Amino acid sequence: MKQALHFFKQTIKKDRLSHLYLISGPKGSGKRRLVDEVIYMLLSKDQASSVSSEHLKVQIKERTLPNVMFIEPEGQTVKKDQILMLQQEFSKTALVKGPRIYVINHIEMINKSAANSLLKFMEEPLSKQVYGFLLTENLDMTIRTILSRAQVIHMVNQSEEALEEKLQAQNIDERVAILAPYLTKDIDEAIALAEDPNFLAIIDFIEEFAIQWDNKDVSLPLFFSTKGRFLLQDRAFFKNFLELLLLYFVDLIHYRANQPIVYRFLKEQIQAQSDAMKTFEINALIASIQDILKRQAYFINLELALDQLAIRLEKKR
């Protein structure tokens, strides 16, 4: 993000900003934060007061600026009505002086009629002070005619280690700082996970699971049934649990290969479990979790999937 932000700073400083940018990058790569920074730079050029500057930052964050329009897909598409509303709003006399800006998230989801309306809007700008920012996680799915009219900015994800350092610098629970970067590369989303007691409950559950693995007096199906029902609150939450559990078993393979492990706070358990299991057994469990991860996206019964997982784990102890 630093390189892209520097590019925009220099471009705005030299008054060479293009009227349309397409910012491409995976989820968590900082596309929205970059656009927020650019909007702030554009709108704060004539503001000298630090108070007004802080107020402007709040307005950008809360999406309440009268001369900035944010468009998100409705359902699975960006629709024609949304683009027509954009055109209508920007055709009116601005209540606030300065540039007018529109941001369309997931531009790859725009339908054909909406895309045609957007192309017409871009080709016949109502003002030289209109700037557009199109965001996408899938550049290959973006309509070619839109792509050809925009200057493309590519964003890349930061590493798990870099995000972990940022989280630890904010005094976030060490376990969360270690694991959250494997679910999201967006620092705001990672901080939100850190503040979510349900996410901490997942980590506590996996930690207790690892500790009880060698305790044959504890039945894993019963353990999952009595203590793991909270994992079924929704599919996204269940998916997070599966991905973190998968990460734990991958650590067993990494430990055997003398590679760094993620669950450093469970090193003792990983060492004992890795030494006690055969490689093909660990790989079989990894494959089982991956299979459930794939199937859960197709609305399988989550309770049944959790019970099946517990039974498979029990058989491999």
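Residues numbered from 1 in each chain as written. Predicted model: local features only at pLDDT ≥ 70, side-chain atom pairs only at ≥ 80, totals over all residues. Heavy atoms only, no water.

Caption draft 1: Quick peek at the sheet that holds strand β3 (residues 100-104). Strand order in this open sheet of five strands is β2-β3-β4-β1-β5, and the pairing throughout is parallel. Looking at strand neighbours, the two that pair on one side only are β2 (68-71) and β5 (151-154), the edges of this open sheet. Averaged over all adjacent pairs, the angle separating strand axes in this sheet is 15°, with direction ignored. Examined bridge by bridge, β3 and strand β4 (residues 130-136) share five bridges and lie parallel to one another. Following the sheet pairing, V103 is matched in β4 by F133. Taken strand by strand, helix α1 (residues 2-13) contacts β1 (20-24), β4 and β5, and its axis lies near 145° from that of β5. (Pairing = 2+ DSSP bridges. Helix = DSSP H or I, 4+ residues; strand = E, 2+ residues; numbered from the N terminus. Axes fitted to C-alpha atoms, helices over the stretch in contact; angles between N-to-C directions. Contact = heavy atoms within 4.5 Å.)

Caption draft 2: The arrangement of empty space enclosed by the protein in detail. Counting across every chain of the model gives one cavity of 30 Å³ or more. For the lining of the largest cavity, the secondary structure elements donating two or more residues are α2 (31-43) and β2. If you tally residues by element for the lining of the largest cavity, the top one is α2, at three residues. Considered class by class, the residues forming the lining of the largest cavity number five nonpolar, one polar and four charged. (1 Å grid on protein atoms, 1.4 Å probe; cavity = no way out; pocket = protein on both sides within 12 Å on 5 of 7 lines; lining within 4 Å. Points joined across faces, edges and corners; volume = space filled by probe spheres on them. Nonpolar A, V, L, I, M, F, W, Y, C, P; charged D, E, K, R; others polar.)

Caption draft 3: Quick peek at the packing of aromatic side chains. As enumerated under the stated definition, the model contains 24 aromatic pairs in all. Between F7 and F8 the ring centres are 5.2 Å apart and the planes differ by 70°, which places this aromatic pair in the edge-to-face class. Taking 5.1 Å as the distance between ring centres and 90° as the angle between the ring planes, the aromatic pair formed by F205 and F224 counts as edge-to-face. Of this pair, F205 sits in helix α10 (residues 197-212) while F224 is found in helix α11 (residues 220-227), placing the two residues 19 residues apart along the sequence. On the basis of relative accessible area, F224 is assigned to the buried category, the value being 1%. Against the face of F90 rests R100, its NZ or CZ located 4.7 Å from the ring centre. (Phe/Tyr/Trp six-rings, centres within 6.5 Å; stacked < 30°, edge-to-face > 60°. Buried < 20%, exposed > 50% of the residue type's maximum accessible area, 1.4 Å probe, protein only. Lys NZ or Arg CZ within 6 Å of the ring centre and 35° of its normal.)

Caption draft 4: Layout of the environment of E243. With respect to the helices and strands, the residue E243 is situated in helix α12 (residues 235-256). Along the backbone, E243 and V35 are 208 residues apart, and their C-alpha atoms lie at a distance of 30 Å. Not counting the four nearest positions on each side in its chain, E243 is found in contact with L183 and L293.

Caption draft 5: How the structure looks around helix α15 (residues 302-315). In this model α15 runs 20 Å from its N-terminal to its C-terminal C-alpha over 14 residues, within 8% of the 20 Å that 1.5 Å per residue would give. Taken residue by residue, α15 has L302, A305, L306, L309, A310 and L313 as its buried positions. Along the axis of α15, the buried residues cluster in a sector spanning 135°; they form a single face. Along its buried surface, α15 packs onto α10, α11, α12 and α14 (279-296). Taking the backbone nitrogen of E303 as reference, a side-chain oxygen 3.0 Å away marks N301 as the first, capping residue of α15. (Expected span 1.5 Å × (residues − 1). Arc of directions from axis to C-beta. Polar contact = N/O pair within 3.5 Å; in protein donor to acceptor, adjacent residues only side chain to side chain.)

Caption draft 6: Geometry of the packing of α12 against α15. Interhelical geometry of α12 versus α15 gives an angle of 15° and a closest axis separation of 12 Å. Here α15 runs roughly parallel to α12, going by the angle between their axes. α12 and α15 meet at a crossing whose hand is left-handed. Residues R235, F238, F241, L242, L245 and F249 of α12 form the contact with α15, whose participating residues are L302, A305, L306, L309 and L313. A breakdown of the residues in the contact of α12 with α15 according to their chemical character gives 10 nonpolar, no polar and one charged. (Parallel < 35°, antiparallel > 145°, perpendicular 65-115°, else oblique. Left-handed = near helix turned anticlockwise from the far one by under 90°.)

Caption draft 7: Structural detail: the pairing of β4. β4 sits mainly inside the fold: seven of its seven residues count as buried. Residues V130, G132, L134 and T136 point to one face of β4 and Y131, F133 and L135 to the other, with burial holding for every one of them. The sheet contact formed by β1 and β4 spans five bridges and is parallel. For I23, the partnering residue across the bridge sits in β4 and is L135.

Caption draft 8: Focus on the side chain of K31. Positionally, K31 belongs in helix α2. For K31, which is buried and forms no salt bridge, the nearest opposite charge comes from E137, at a distance of 4.4 Å. Beyond its immediate sequence surroundings of up to four residues, K31 is in contact with I23, S24, G25, P26, L135, T136, E137 and M155. (Lys, Arg positive; Asp, Glu negative; His and termini not counted. Salt bridge = Lys/Arg side-chain N within 4 Å of Asp/Glu carboxyl O.)

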